[in-house]
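Spelled out, the chains give:
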Amino acid sequence: MKKMSSRYRVNEIFYSLQGEGYYTGHAAVFIRFSGCNLHCPFCDTDFTAYRQLTIDEIISRVMALRPDDPVAPMIVLTGGEPTIEVDAELIEALHVAGFPLVAMESNGTRWPPENLDWLCVSPKCMTEVIHCNELKLVFDGTGRVNTYGITADHYYLQPCDTGDGQRNAAIVGQCVAYVKQHPAWQLSLQTHKLVGFK
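Given the structure is predicted, the values throughout are model-derived calculations rather than measurements.

Draft legend 1. Up close: the overall build of the chain. A tally of regular secondary structure across the chain gives four helices and nine strands. The order of helices and strands in the chain, counted from the N terminus, is β-β-β-α-β-α-β-β-β-β-α-β-α. Taking 2.2 N^0.38 as the reference for a compact globule, 198 residues should give roughly 16 Å; the C-alpha atoms of the chain span a radius of gyration of 17 Å, in line with that estimate. Overall, the chain is about 50 × 35 × 30 Å in size when its C-alpha atoms are taken along their principal axes. The proportion of buried residues among the 198 residues of the chain is 45%. Looking at the chain alone, contacts between residues at least 24 apart form 54% of all its contacts between residues at least 6 apart. Carbon and sulfur atoms provide 53% of the accessible area of the chain, an area that totals close to 10,000 Å². Mean positive and mean negative side-chain charge positions of the chain (16 and 22 charges, respectively) differ by 5 Å.

Draft legend 2. Local environment of unusual backbone geometry. Residue G80 is bonded to the preceding G79 through a cis peptide linkage, with omega at 15°. If you check the backbone angles, Y148 has positive phi at about 55° while not being a glycine. Inspection of the secondary structure assignment puts Y148 in the loop between β7 (131-139) and β8 (151-159). What makes Y148 partly exposed here is its relative accessible area of 24%.

Draft legend 3. Examining the pairing of β8 more closely. When β7 meets β8, the two strands line up parallel, connected through eight bridges. Residue pairing for β8: F139 is matched across the bridge by P159. Note on the crossover from β8 through helix α3 (residues 165-181) to strand β9 (residues 185-187): the handedness is right-handed.

Draft legend 4. Layout of the side chain of E134. If you trace the backbone, E134 turns up in strand β7. Of the side chains bearing the opposite charge, K136 lies closest to the buried E134, which forms no salt bridge; the N-O distance is 5.6 Å. A distance of 3.1 Å separates a polar side-chain atom of E134 from the backbone nitrogen of Y22. Filtering out sequence-adjacent residues up to four positions away, E134 remains in contact with G21, Y22, W118, L119, C120, V121, A152, H154 and Y156.

Draft legend 5. Spotlight on the sheet that holds β8. An order of β3-β1-β2-β4-β5-β6-β7-β8-β9 is seen for the nine strands of this open sheet, with the pairing classed as mixed. Because the sheet does not close on itself, it has two edges, and the strands there are β3 (51-53) and β9. Direction aside, the axes of adjacent strands within the sheet are offset by 30° on average. As paired elements, strand β6 (residues 118-121) and β7 share two bridges and run parallel to each other. Bridge pairing in β7 links C120 to E134. The strands that α3 touches are β7, β8 and β9; relative to β8, the one it contacts most, it runs at about 150°.

Draft legend 6. Representation of helix α1 (residues 55-65) in the model. Along α1, the positions that sit buried rather than exposed are I55, I58, I59 and V62. Viewed along the axis of α1, the buried residues span an arc of 95°, placing them on a single side of the element. Across α1 from its buried face, at more than 90 degrees, point the exposed residues D56 and A64. Where the residues of α1 are buried, they touch β1 (8-17), β2 (27-33), β3, β4 (74-78) and α2 (88-96).

Thresholds, definitions, all that
- Residues numbered from 1 in each chain as written.
- Predicted model: local features only at pLDDT ≥ 70, side-chain atom pairs only at ≥ 80, totals over all residues.
- Heavy atoms only, no water.
- Helix = DSSP H or I, 4+ residues; strand = E, 2+ residues; numbered from the N terminus.
- Rg over C-alpha atoms; globule rule 2.2 N^0.38 Å.
- Buried < 20%, exposed > 50% of the residue type's maximum accessible area, 1.4 Å probe, protein only.
- Contact = heavy atoms within 4.5 Å.
- Areas by Shrake-Rupley, 256 points an atom, 1.4 Å probe, with all protein chains shown as cover.
- Lys, Arg positive; Asp, Glu negative; His and termini not counted.
- Charge placed at Lys NZ, Arg CZ, Asp CG, Glu CD.
- Pairing = 2+ DSSP bridges.
- Right-handed = clockwise from strand over helix to strand, strands pointing away.
- Salt bridge = Lys/Arg side-chain N within 4 Å of Asp/Glu carboxyl O.
- Polar contact = N/O pair within 3.5 Å; in protein donor to acceptor, adjacent residues only side chain to side chain.
- Axes fitted to C-alpha atoms, helices over the stretch in contact; angles between N-to-C directions.
- Arc of directions from axis to C-beta.

See below:
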């Protein structure tokens, strides 16, 4: 477990809106960590670029982005695979800094710290996590919908953006058909890409 003097490999920190899943449309400070234990072909993270930051440096950058409003935006820990870098000390420091909702987007292959407030798992293979708040399955139009045995409070099927408009349309159609046949699921779209914000 990391200590307060530890450094975390941070790819970027930015303020935007959550573009997908349960918290779509909510203001969020994203802390994107570098490094992953999987190599998904559709991943949008540049793993070669990162800075090693201390907890104090991370908190300082996050606070600089916080608006002058009594309601704090949520924090989204993402990656890469954030469980490689994130520990309980960092989450506690974010709570102490006034951010009551710290969420994580993970592939589920490693257990997150226990003081995390919200866990979204996007599984690509067998996982360690057996239950999460939100399961977001990226569907590329091949194979079947596979939760890898994970249960969740909320289930989302998200069409994979292949970069090919015609193929994307077909994948969206398959996702819509699946959700209509399986009402426990919801369609999750990457609204940040549709609307044009980061």
